[in-house]
Amino acid sequence: MKQIVIISGKGGTGKTTVISALARLVPDKVLVDADVDAANLEIVTSPELESSEIYTEGEIAVISDDKCIRCDICRQNCRFDSIIVGDDGSYSVDEHGCEGCRVCKLVCPADAVEMQVMESGFVKKSKTPYGMLFHGELSAGRDNSGKMVTYLRELGVEEAQKNNFDWVLIDGAPGIGCQVIASLTGVDGAIVVSEPTLSAIHDLKRVVELASHFHIKIGVVINKSDINLSLTREIHRWADENKMPLLEQIPLDKRIVNAMAERKSPVEIGDDALTKLYENIWNNFIETYFSHH
Ligand code: SF4
Ligand code: SF4
C-alpha cells in the first residue's frame, strides 16, 4: 500500500480539480483530506457521513477567578508566557499559547488552576461513491497544528490495510507550514500541481525542496498550461533538470471551472480527450515510480 499526496502552492492552482479527477479514476483506494482548513475533497465527492468522533489535542490550564489570590506566581513560572493579567487585575490563560505543561497548577498556592481537555474539532469517516473518505473539522479558533492531519492519515492507512487496498490518496495542505509537513512526512509519492505564473513556480520550487528532504517521489502537473507558454517551458526545463517527470499539462478550460461549480470533476464532462489527460497524470506517475515491470 502506498500513500500519495496531491499538493500545490498557496491555492488556485487546480489541486482540487486534479484530486477530484483522481478520486474517480484511481481504483482501490482510501481518500484523506489533509487540507483541513479548506476541505475541498468533501465538496467534490458527495460524502455520506458514517461516523464522527470528537478530536482533542491535549489540555490547557483554566484559572478560577473565585479561588485566585492574584499572587502572580503562575505568570512568573509559565515558560510560554500564557498567563494573562486583565485590566481589572484578574488572571486568565491564553488558550492559544498554553502548552498544557501544568506548571501553573503545580505552583499555584490557592489551588485555582484546573486542567481542561481542549476540543479541537471532529474527525469524520464518510462513504463516497469513490471510496472511504477521512476528513476533519477544526473547532472555531483552533489552529491546524498538523496533528489532526497526521491522525487522519493514520485512519486512512488503517482502512486501506483492512481492505487490502493499494493506495491512500491524500489531498495535501497548501503552503509550507506544519500541515504540509504533516501531509508529506512518510508518504511514498507526491503529485505537485503548479501553473505557469511566477508565484506558482516559486511555490512549486519551495514545496518540491521540502518534499525532497523527505525523499518523496515527485511528479509535476502543469495546470492552465497555455496561459503562459514560456513559463510552462520553464517548468518543463526545471523539472527535467531536477529529474522529475512532468506528468501532464492541462490547458485552461472553462468547462472545468463550470464542472467544479457543479461539484463535478473534469472527468465527468464527458470529453474523452480531457479525461485522458487526467488518466495520464496517474498512469505516468505510477509507471515512473511504482510499476514493478
Ligand atoms: S499549563 Fe503551562 S503553558 Fe499553560 S498556562 Fe500553565 S504554565 Fe503556562
Ligand atoms: S498562582 Fe494561582 S493564585 Fe496565584 S495568580 Fe496564578 S492562579 Fe492566581
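These numbers come from a predicted model, not from an experiment. (Residues numbered from 1 in each chain as written. Chains lettered and ligands numbered in written order. Predicted model: local features only at pLDDT ≥ 70, side-chain atom pairs only at ≥ 80, totals over all residues. Heavy atoms only, no water.)

1. As for the pattern of salt bridges
Here's step 1: One pass over the structure, following the stated rule, counts 15 salt bridges.
Here's step 2: We note a salt bridge from Glu137 to Lys124, for which the minimum N-O separation is 3.0 Å. One end of the pair, Glu137, is in strand β7 (residues 131-138); the other, Lys124, is in strand β6 (residues 113-128), and 13 residues separate them in sequence.
Here's step 3: A relative accessible area of 12% places Lys124 in the buried class. (Salt bridge = Lys/Arg side-chain N within 4 Å of Asp/Glu carboxyl O. Helix = DSSP H or I, 4+ residues; strand = E, 2+ residues; numbered from the N terminus. Buried < 20%, exposed > 50% of the residue type's maximum accessible area, 1.4 Å probe, protein only.)

2. Considerations on the environment of Val168
Here's step 1: Its location among the elements puts Val168 in strand β8 (residues 167-171).
Here's step 2: Given a relative accessible area of 0%, Val168 falls into the buried group.
Here's step 3: Taking C-alpha positions, Val168 is 9.9 Å from Leu133, a pair spaced 35 residues apart along the chain.
Here's step 4: In this structure, Val168 is in contact with Met1, Lys2, Gln3, Ile4, Val30, Val32, Gly156, Val157 and Ala160, ignoring residues within four places of it in sequence. (Contact = heavy atoms within 4.5 Å.)

3. Some points on the site of ligand 1
Here's step 1: Taken together, Ala61, Cys78, Phe80, Ile83, Val93, Cys98, Glu99, Gly100, Cys101, Arg102, Val103 and Cys104 make up all the residues around ligand 1.
Here's step 2: Here ligand 1 is seated within the second largest cavity.
Here's step 3: Across the shell around ligand 1, the residue classes break down as nine nonpolar, one polar and two charged. (Near = heavy atom within 4 Å. 1 Å grid on protein atoms, 1.4 Å probe; cavity = no way out; pocket = protein on both sides within 12 Å on 5 of 7 lines; lining within 4 Å. Sits in = over half its atoms within 2 Å of the grid points. Nonpolar A, V, L, I, M, F, W, Y, C, P; charged D, E, K, R; others polar.)

4. With respect to the sheet that holds strand β2 (residues 29-33)
Here's step 1: Here nine strands make up an open sheet; going across it, the order is β3-β6-β7-β2-β8-β1-β9-β10-β11 and the pairing mixed. One side of each edge strand has no neighbouring strand; the edge strands of this open sheet are β3 (48-63) and β11 (246-250). In this sheet, neighbouring strand axes are inclined to one another by 20° on average, regardless of whether the strands run parallel or antiparallel.
Here's step 2: In this sheet, β7 lies alongside β2 in parallel orientation, the contact comprising two bridges. When the bridges of β7 are listed, Leu31 appears paired with Leu133.
Here's step 3: This element, helix α10 (residues 272-289), spans β1 (2-8), β8, β9 (189-194), β10 (217-223) and β11 of the sheet and lies at about 170° to β11. (Pairing = 2+ DSSP bridges. Axes fitted to C-alpha atoms, helices over the stretch in contact; angles between N-to-C directions.)

5. Quick word on the pairing of β2
Here's step 1: Most of β2 sits out of view: five of its five residues are buried.
Here's step 2: Burial along β2 is two-sided: Lys29, Leu31 and Asp33 and Val30 and Val32, pointing in opposite directions, are all buried.

6. With respect to the site of ligand 2
Here's step 1: Inspection of the region around ligand 2 gives Ile63, Cys68, Ile69, Arg70, Cys71, Asp72, Cys74, Tyr91, Cys108, Pro109, Ala110 and Val113 as its neighbouring residues.
Here's step 2: When atom positions are compared with the pocket grids, ligand 2 is found to occupy the largest cavity.
Here's step 3: Partitioned by chemical class, the residues of the shell around ligand 2 number 10 nonpolar, no polar and two charged.

7. Structural notes on the domain arrangement of the protein chain
Interfaces are often sized by the amount of accessible area the parts lose when they come together.
Here's step 1: One can read the domain layout of the protein chain as domain 1 (2-46 + 129-289) and domain 2 (57-119).
Here's step 2: Centre-to-centre separation of domain 1 and domain 2, based on C-alpha positions: 42 Å.
Here's step 3: In this assembly, six residues from domain 1 lie in contact with five residues from domain 2.
Here's step 4: Both faces combined, the contact of domain 1 with domain 2 buries some 500 Å², and carbon together with sulfur accounts for 34% of it. (Domains from an automatic or database assignment. Buried area = accessible area lost by both parts, 1.4 Å probe.)

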